[in-house]
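# Survey of secondary and tertiary structure
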Amino acid sequence: MFACSKKIASSLASSRTCMNVVNRSMSEKATLPKLPFGYKDLEPVISGEIMELHHSKHHAAYVTNYNVALEKLQEATAKNDANAIVTLGPALKFNGGGHINHSIFWTVLSKDGGKPSDDLLAAINRDFGSLDNLKTQLQTASNGVQGSGWGWLGINSQTKKLQVTTTANQDPLQATTGLIPLFGIDVWEHAYYLQYKNVRPSYTKAILDIVNWSEVSRRYSAAV
């Protein structure tokens, strides 16, 4: 439905196909996913207080606001209101991106995340030299985000190479860069400030100790 919204905005015209997708989307609104762990399960790396606020307040707000914007998009499309459609673009991108990013984030964290699969580890060694080098590059990139955003490990769907990059605000990785997300670090202050204060490097270093490598490996296998 994100691709459909982009198509509508760029063409500035209604599309029967897109309208059908929007109508189906309205009957299946975005919903807040259940966490695969308890709020306190990732302590001491992430406190239960942060996790509860992050999930039940921040992520929930993205879901709510995205659904509101989607309703308005349906109305604007039905009226063939090009101005309204274009105006809704930022809200759809921000809140839809927030929902996409956080839905990935929860799945790639685990207190007992294991190790990368043999295939993923081989790709990491090929593209970064070692797992430690990957972690260093990912932490450095995440620390360097100005303001709010995300640090990512992604895979290029064409070359099958792993890449570390960042996105601003709630820009979703794949829609923004074309890279398929494997692991992301949320560096918005709401993700760490109550515990780590303004010392973002301490947070980005600690979170690499709770990577759910089983899920990251699964995502890698699905992408290659």
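This report concerns the structure included in the present document.

Thresholds, definitions, all that
- Residues numbered from 1 in each chain as written.
- Predicted model: local features only at pLDDT ≥ 70, side-chain atom pairs only at ≥ 80, totals over all residues.
- Heavy atoms only, no water.
- Phe/Tyr/Trp six-rings, centres within 6.5 Å; stacked < 30°, edge-to-face > 60°.
- Helix = DSSP H or I, 4+ residues; strand = E, 2+ residues; numbered from the N terminus.
- Buried < 20%, exposed > 50% of the residue type's maximum accessible area, 1.4 Å probe, protein only.
- Pairing = 2+ DSSP bridges.
- Axes fitted to C-alpha atoms, helices over the stretch in contact; angles between N-to-C directions.
- Contact = heavy atoms within 4.5 Å.
- Polar contact = N/O pair within 3.5 Å; in protein donor to acceptor, adjacent residues only side chain to side chain.

### Some remarks on the packing of aromatic side chains
- Following the criterion strictly, the structure yields seven aromatic pairs and no others.
- Centroid distance Y62 to F94: 5.6 Å. Interplanar angle 75°. Geometry classified as edge-to-face. Residue Y62 is found in helix α3 (residues 48-78), and its partner F94 is found in helix α5 (residues 89-107); the two are separated by 32 residues along the sequence.
- Here F105 and W106 contribute two aromatic rings whose centre-to-centre distance is 5.5 Å and whose plane-to-plane angle is 50°, an arrangement assigned as tilted.
- Residue F105 is classed as buried on the basis of its relative accessible area, which comes to 2%.
- Site record: aromatic cluster; members linked through ring pairs are F105, W106, W150 and W152.

### Re the sheet that holds strand β3 (residues 180-186)
- Overall, antiparallel pairing links the three strands, which are arranged β2-β1-β3 in an open sheet. Looking along the sheet, the strands with just one partner apiece sit at the ends: β2 (162-168) and β3. Averaged over all pairs of adjacent strands, the angle between strand axes in this sheet comes to 25°, irrespective of strand direction.
- As defined by bridge partners, strand β1 (residues 149-155) adjoins β2 across seven bridges and the pair is classed as antiparallel. From the neighbouring strand, G151 faces β2, where its bridge partner is T166.
- Set on the sheet, helix α11 (residues 213-223) makes contact with β1, β2 and β3; between it and β3 the angle comes to about 150°.

### Topic: the side chain of N156
- With respect to the helices and strands, N156 occurs in the loop between β1 and β2.
- Looking at N156, its side chain comes within polar contact range of the side chain of Q163, at 3.5 Å.
- Sequence-distant contacts of N156, that is, excluding residues within four places in its chain, are made with K161, Q163 and L179.

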